[in-house]
Amino acid sequence: MVEFLASYAWTIWLALLLVFLIVEMFSLEFTFLMISLGSLGGLVSSLVGVPWLLQIVIAAVLSVLLIFTIRPPLLRALRRGGDSAKSNIDALIGLEGVVTTRLTGSGGHVKLSNGDVWTARVSPVADSADVDLGQRVLVTAIDGATAFVVPAERTVL
């Protein structure tokens, strides 16, 4: 068994390296990439002629070192590039709009600058309870399918 491991160690290391790379493609967390690089260290040490027990130690130590030193900065760099564009409700807050149906205490409609028409109410922070047709407004909050707005002259968000 020992002679078999000694003579075919390089093929075992190559197979492990490929298996770990394939697993990494599905996990995308850099753990198996670091283990595959450790396996590469085992492969190189096998090709140099290091005994098989020492090859295992080299691969294990190299994998652990890479996991604790290289993996954290790679994960930080990967997560830093997140999408900073606002979406959903966050993208609507602060949009300007035009009143299409007079806003009263019970509601009305506004057409926002993105082209959407929303049911709207005057925000409780606004001084006036009614907003006339064609007046510009700003969205201050969204509650379900209702936009709370204030007249554009008053820019309270």
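Below you will find a few notes about this structure. As the structure is a computational prediction, the values presented were derived from the model and not from experiment.

What counts and what doesn't
- Residues numbered from 1 in each chain as written.
- Predicted model: local features only at pLDDT ≥ 70, side-chain atom pairs only at ≥ 80, totals over all residues.
- Heavy atoms only, no water.
- Helix = DSSP H or I, 4+ residues; strand = E, 2+ residues; numbered from the N terminus.
- Buried < 20%, exposed > 50% of the residue type's maximum accessible area, 1.4 Å probe, protein only.
- Polar contact = N/O pair within 3.5 Å; in protein donor to acceptor, adjacent residues only side chain to side chain.
- Core = buried A, V, L, I, M, F, W, Y, C linked by side-chain atoms within 4.5 Å.
- Contact = heavy atoms within 4.5 Å.

**Looking at the side chain of arginine 71**
And then number 1: Structurally, arginine 71 can be placed in helix α4 (residues 71-80).
And then number 2: Relative accessible area serves as the criterion here: at 19%, arginine 71 is assigned to the buried category.
And then number 3: Within polar-contact distance, the side chain of arginine 71 engages the side chain of threonine 31 at 3.1 Å.

**Considerations on the nonpolar core**
And then number 1: Counting residues in each nonpolar core, the largest one holds 18 residues, and the members touching the most others are Leu103, Val110, Leu112, Trp118 and Val149.
And then number 2: For this core, the elements supplying multiple residues, two or more each, are β1 (96-104), β2 (107-112), β3 (117-122), β4 (136-143) and β5 (146-151).
And then number 3: When residues in this core are grouped by element, the largest group, four residues, is from β4.
And then number 4: In this view, leucine 103 contacts Gly108, His109, Val110, Ala120, Arg121, Val122, Ala129, Asp130, Val131 and Val149; residues no more than four positions away in its chain are not counted.

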